[in-house]
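What the coordinates show
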Amino acid sequence: MREILFKAKAENEDGTWEWCEGYLSKCENKFTICDDEGIGVFINPDTICQYTGLTDMNGNKIWENDICRYIDGDENGIKEETFVVKYGRHAENFKINMGFYIDWIKTNYYRCDLVFWTENRNIEVIGNVLTIQS
């Protein structure tokens, strides 16, 4: 069973923003991320990302909105493709699914189910869309 974790950006005392992860809660229209001891910090709700329950080839957690790189090499050279991890409704194999999926950046002919690409493949987290936007 996967652990339901979230990450989001919390404002530091010096006004900078930093990623924090834990359990999401909402009280009186304010969102917090709490650790295992129940200590929470207020977060920017526009930066909330859910943990997929999967890790990349380096053991890093894969989160919603992460930018990942797929590396495939053979005798013809190395091929790299990038994608964004998303959550929601998507079409795969002529049916509509709900859950985590891949949104390929440069191509649209690869499968979009996330689990297929994370099992025994060279997937590496290289960033997060929300880091670039903020």
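Residues numbered from 1 in each chain as written. Predicted model: local features only at pLDDT ≥ 70, side-chain atom pairs only at ≥ 80, totals over all residues. Heavy atoms only, no water.

**Considering unusual backbone geometry**
Note the following rule: Each helix is a run of H or I in the DSSP string that is no shorter than four residues. Each strand is a run of E no shorter than two, and both are numbered from the N terminus. Exposure classes here rest on a 1.4 Å probe applied to the protein chains alone. A residue is buried below 20% of its type maximum, exposed above 50%, and partly exposed in between.
The backbone phi angle of Glu28 is positive, close to 50 degrees, even though this residue is not glycine. Tracing the chain through its elements places Glu28 in the loop between β2 (17-27) and β3 (30-34). Residue Glu28 is classed as exposed on the basis of its relative accessible area, which comes to 74%.

**Some words on the nonpolar core**
Defined as follows: To qualify as a nonpolar core, a set must consist of buried Ala, Val, Leu, Ile, Met, Phe, Trp, Tyr and Cys residues joined through side-chain atoms within 4.5 Å.
The biggest cluster of nonpolar side chains holds 12 residues, and these are Ile62, Cys68, Tyr70, Phe83, Val85, Phe100, Ile102, Trp104, Tyr110, Leu114, Trp117 and Ile123. With 3 residues, strand β9 (residues 95-104) is the single largest residue contributor to this core. In this structure, Ala8, Cys20, Ile33 and Ile48 belong to the second largest nonpolar core, which totals 7 residues.

**Things to note about the confidence of the model for the chain**
Formally: One confidence number per residue, pLDDT, is output by the predictor and ranges from 0 to 100.
Averaged over all residues, the pLDDT of the chain is 86; the fraction at 70 or higher stands at 91%. Here helix α2 (residues 129-133) stands out as the element of the chain with the lowest mean pLDDT, 73, in contrast to strand β6 (residues 61-63), whose mean of 96 is the highest.

**Section: the pattern of salt bridges**
Note the threshold: When a carboxyl oxygen of Asp or Glu is within 4 Å of a side-chain nitrogen of Lys or Arg, the pair counts as a salt bridge.
Within the structure shown, the criterion is met by 6 salt bridges. The partner of Lys7 in a salt bridge is Asp66, and the shortest N-O contact between them spans 3.9 Å. Separated by 59 residues along the polypeptide, Lys7 in strand β1 (residues 6-11) and Asp66 in strand β7 (residues 66-74) bring together distant segments of the chain. Here Lys7 matches Asp66 in class, with each residue buried. Taking the shortest distance from any N to any O, the salt bridge between Glu21 and Lys61 comes out at 2.8 Å. In this pair, Glu21 is assigned in strand β2 and Lys61 in strand β6, connecting sequence segments 40 residues apart. The exposure class assigned to Lys61 is partly exposed, which follows from its relative accessible area of 30%.

**Overview of the sheet that holds strand β4 (residues 40-42)**
Let me state the cut-off plainly: A pair of strands counts as paired when DSSP detects no fewer than two bridges linking them. Simply put, an axis is a line fit to the C-alpha atoms, just over the touching stretch for a helix, and the angle between two N-to-C directions goes from 0 to 180 degrees.
Strand order in this open sheet of 6 strands is β4-β3-β2-β1-β5-β6, and the pairing throughout is antiparallel. One side of each edge strand has no neighbouring strand; the edge strands of this open sheet are β4 and β6. When the angles between neighbouring strand axes are averaged without regard to direction, this sheet yields 50 degrees. Sheet topology places β2 next to β3; 5 bridges connect them, and they run antiparallel. Paired with Ser25 across the strands is Thr32, a residue of β3.

**A word on the side chain of Glu64**
Let me state the cut-off plainly: We call two residues in contact when some of their heavy atoms are within 4.5 Å.
Structurally, Glu64 is set in the loop between β6 and β7. Residue Glu64 is classed as buried on the basis of its relative accessible area of 18%. With sequence-adjacent residues up to four places away left out, Glu64 is seen in contact with Ile48, Cys49, Gln50, Thr52, Val85, Tyr87, Phe100 and Asn128.

**Digging into the environment of Asp36**
Test applied: Think of a polar contact as two N or O atoms within 3.5 Å of one another; within protein, one of them needs to be a possible hydrogen donor and the other a possible acceptor, and neighboring residues in sequence only count if both atoms come from side chains.
Residue position: Asp36 is located in the loop between β3 and β4. Given a relative accessible area of 71%, Asp36 falls into the exposed group. The spatial distance from the C-alpha of Asp36 to the C-alpha of Tyr23 is 7.9 Å, given a sequence separation of 13 residues. In this structure the side chain of Asp36 is engaged in a polar contact, spanning 3.3 Å, whose partner is the side chain of Tyr23.

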